[in-house]
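# Analysis of the macromolecular model
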Amino acid sequence: MDVYEGLEGEKVLNLSRLNLDNLDLDHVDEERKRDTQQLLLVYNRFIMLPGSICHFSNLVFLDISCNRLAFICEDILRLSKLKTLLAKNNRLDEFSLPKDFGTMSLEVVNFSGNRFEEFPSEFLNLQKLQSLSLGANRLKTIPAEIEKLTSLELLYLGGNSITSIPPELANLPYLSYLVLCDNRIQSIPPQLAQMRSLRSLSLHNNLLTYLPREILSLFQLQELSLRGNPLVVRFVKDMTYDPPSLLELAGRTVKSRNLTYKPEDLPGNLVRYLDLASKCPNPKCGGVYFDSCVRHIKFVDFCGKYRLPLMHYLCSPECSSPCSSNPQSDADSEDESRVPAHRMQKVLLG
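Residues numbered from 1 in each chain as written. Predicted model: local features only at pLDDT ≥ 70, side-chain atom pairs only at ≥ 80, totals over all residues. Heavy atoms only, no water.

### Regarding the side chain of S200
Inspection of the secondary structure puts S200 in strand β9 (residues 200–202). The class of S200 is buried, set by a relative accessible area of 7%. Beyond its immediate chain neighbours, meaning those up to four positions away, S200 contacts S176, Y177, L178, L221 and E223. (Helix = DSSP H or I, 4+ residues; strand = E, 2+ residues; numbered from the N terminus. Buried < 20%, exposed > 50% of the residue type's maximum accessible area, 1.4 Å probe, protein only. Contact = heavy atoms within 4.5 Å.)

In structure tokens form, the structure reads like this:
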């Protein structure tokens, strides 16, 4: 979404590859400044975005990628019509932006290949932002406040050091393309299944060992990339099970046998504990669990295109997982050790 189409001729001013370290506009007449809608300053030597940029009052598209840019001056705030800002491969970090950057009407921002160690808080106020790229930076986290970007359609955060995904991402109603490849993510929050607009999900080259079963609800998903993750059956063998405590055994009995009680019959802490019961997903079981459960991975068909390892939480080791995306699927009856190699590759290489 970086390419801006529809501008040509006198509306475009290309000052790229001129070895510029300042923007001298003495040779540009006022009419040219006023008519310019697209300004290209790629491959120069700018350290700071020059203040003279504000003379392009009708600027819609600005590309200042591949410079030595460490600061963006406040004069950029005067570009009230600016929709696209590209500043890839510079030296920008979380201290490089003007305080009121979030008041701009930007729709496309690409700051990939910079030095951001924290997600820029100014970006979280860009209410019209549709495409945000912060790939190849040094980010470790995604803030929960990302849910404020309700117009976002594309989020590219590949090539960072992100370890987890906030559930709040699921609150972005129009997000269609989510790229989180080449990070250190170990698990996917089940809330992502609520992302009804998601069409492409890139998770390759992370540390994923399983996916939540809720991901089967992503019916609009057309592209799923999982290669380079340790999604293999051997992780099932390493799982341990801690026997339930006496408190949990008593709670399971009360819940599974539907024993009636009133809040005044029990101490408040026990009433709250009983309310935390989770139902075993196996319909043949009917049991519940509280803190002690068995993690179980089952490979299931996903839209007829993938064989995905999904995590289920069962009440005991004797309980078998019933999950399948299709009642006619063979996922329930197949032993993991007998999953054909070509079907396994759809998970690992997809």
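Let's pick the thread back up.
### Some points on the sheet that holds strand β6 (residues 131–133)
Pairing is parallel across the open sheet formed by ten strands, whose spatial order is β1-β2-β3-β4-β5-β6-β7-β8-β9-β11. Looking at the sheet topology across the chains shown, the edges are occupied by β1 (12–14) and β11 (223–225). Each adjacent strand pair in this sheet contributes to an overall mean axis angle of 5°, direction not counted. Sheet analysis places β1 next to strand β2 (residues 38–40), joined by three bridges and oriented parallel. Each residue of the ladder has a partner; that of L13, found in β2, is L39. (Pairing = 2+ DSSP bridges. Axes fitted to C-alpha atoms, helices over the stretch in contact; angles between N-to-C directions.)

### Comments concerning the nonpolar core
Grouped together as the largest cluster of nonpolar side chains are 67 residues, with contacts concentrated most on F111, F123 and L132. Not counting chain neighbours up to four residues away, the residues in contact with F111 comprise I72, L85, A87, L92, L97, F101, F116, F123, S133, L134 and N137. Counting seven residues, the second largest nonpolar core, distinct from the first, contains C293, V294, L314 and C315. (Core = buried A, V, L, I, M, F, W, Y, C linked by side-chain atoms within 4.5 Å.)

### With respect to the pattern of salt bridges
Opposite charge on two side chains permits pairing when their charged atoms draw close. Counted under the stated rule, the structure contains four salt bridges. The shortest N-O distance in the salt bridge between E30 and K33 comes to 3.2 Å. Placement of both E30 and K33 in helix α1 (residues 30–35) is noted, with a separation of three residues, approximately one turn of the helix. Judged by relative accessible area, K33 falls into the buried class, the value being 8%. Note that R252 and E248 form a salt bridge whose closest N and O atoms lie 3.0 Å from each other. With R252 and E248 both in helix α3 (residues 246–256) and four residues apart, this pair spans about one turn of that helix. For the pair R252 and E248, one class covers both residues: buried. (Salt bridge = Lys/Arg side-chain N within 4 Å of Asp/Glu carboxyl O.)

### Points about α3
For α3, the complete set of buried residues consists of E248, G251 and R252. Down the axis of α3, the smallest arc covering the buried residues is 105°, so these residues share one side. In the core, the buried residues of α3 are packed alongside α4 (268–274) and β13 (288–289). (Arc of directions from axis to C-beta.)

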